[in-house]
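# Chains, contacts and geometry: an overview
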Amino acid sequence: MVADGRRIGDSLVILTGAGMSADSGVPTFRAADGLWEGHRVEEVATPEGFARDPALVHAFYDARRAHLAAVEPNAGHLALARLEREWPGNFLLVTQNVDDLHERAGSERLIHMHGELQRGWCLACDHRLPWAGAMGEGAVCPACAATGQVRPDIVWFGEMPYQMDRIDEAIRTCDLFVSIGTSGAVYPAAGFVQTARYVGARCLELNLDPSQGSIFFDETRLGRASEIVPRWVDELLD
């Protein structure tokens, strides 16, 4: 395949962030003042915050989980699912998002590096499980029957993102790396483009505004994910 006059190979890695789901009505959470829906990050997105006030943290994520029922995948999600089906080579979609819109659009070769809203993690027995509806402080683990030990299976600040070895291997062997809807401010995801660039992959950014790491990309295309992602997919496949 050829992109902008340069031939690319068959290995593709795509990273998506909050801007991917924003067009579906999913809040990006973190505002310019650093608050997430009126809360400091330390209150709702750290293990220490959960230990101090589990009721607040549960209420925050229960509300986010309930909101998922009111949103649908947008044209960008659907385009990436189509790309996965039709791409002739290796394909991996890595998302920083904790919603399930990629899955509902049809994506299957997918890693949620920051966890998933609709999963729980029992701190008593280390069991991870699907979770629908409210969790709350009284949640009971179906594996060990412990009460009040289940937390959202979300990677909080200070915790290690999931499947980093697999992600790193895919980026180090990819021919094309594409970042969609990310700020380039949160590591380790913010450093993926530098790894891809180091191994010689072509790097493309699709974003509403240039990210903090925009300088590392070969090309940046600006616009809403629901508009520019389908156009790019059509171009790549055609």
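The structure we're discussing is the one just above.
Parameters at a glance
Residues numbered from 1 in each chain as written. Predicted model: local features only at pLDDT ≥ 70, side-chain atom pairs only at ≥ 80, totals over all residues. Heavy atoms only, no water. Pairing = 2+ DSSP bridges. Helix = DSSP H or I, 4+ residues; strand = E, 2+ residues; numbered from the N terminus. Axes fitted to C-alpha atoms, helices over the stretch in contact; angles between N-to-C directions. Contact = heavy atoms within 4.5 Å. Buried < 20%, exposed > 50% of the residue type's maximum accessible area, 1.4 Å probe, protein only. Disulfide = S-S within 2.5 Å.

## Details of the sheet that holds strand β10 (residues 150-154)
- Spatial ordering of the open sheet is given by β9-β8-β10, a layout of three strands whose pairing is antiparallel. In the strand order of this sheet, the two ends are held by β9 (128-130) and β10, each with one partner. Ignoring which end each strand starts from, the neighbouring axes of this sheet average 45° apart.
- Packed onto the sheet, helix α4 (residues 54-67) meets β8 (115-122) and β10 and runs at close to 55° relative to β10.

## Regarding the pairing of strand β3 (residues 12-16)
- Summarising burial for β3: five of the five residues are buried, a large majority.
- Of the two faces of β3, both are covered, the one formed by L12, I14 and T16 as well as the one formed by V13 and L15.
- Pairing between β3 and strand β11 (residues 176-180): five bridges, direction parallel. If you follow L12 over to β11, its bridge partner there is L176.

## Examining the state of the cysteines
- Under the defined criterion, the tally for this structure stands at zero disulfides.
- Looking at C122, it has no disulfide partner, and the nearest cysteine sulfur is the one in C141, 3.6 Å off.
- On the basis of relative accessibility, which here comes to 0%, the residue C122 falls in the buried class.
- Look at C141 and you get buried, because its relative accessible area is 2%.

## Looking at the sheet that holds β11
- Ordered by their spatial adjacency, six strands build an open sheet running β7-β6-β3-β11-β12-β13, and the pairing between neighbours is parallel. The sheet is open, and its two edges are formed by β7 (110-112) and β13 (219-222), each paired on a single side. The mean inter-strand angle of the sheet, taken between neighbouring strand axes irrespective of direction, is 15°.
- On the sheet, helix α7 (residues 164-172) packs against β3, β6 (91-95) and β7 and is oriented at approximately 130° with respect to β6.

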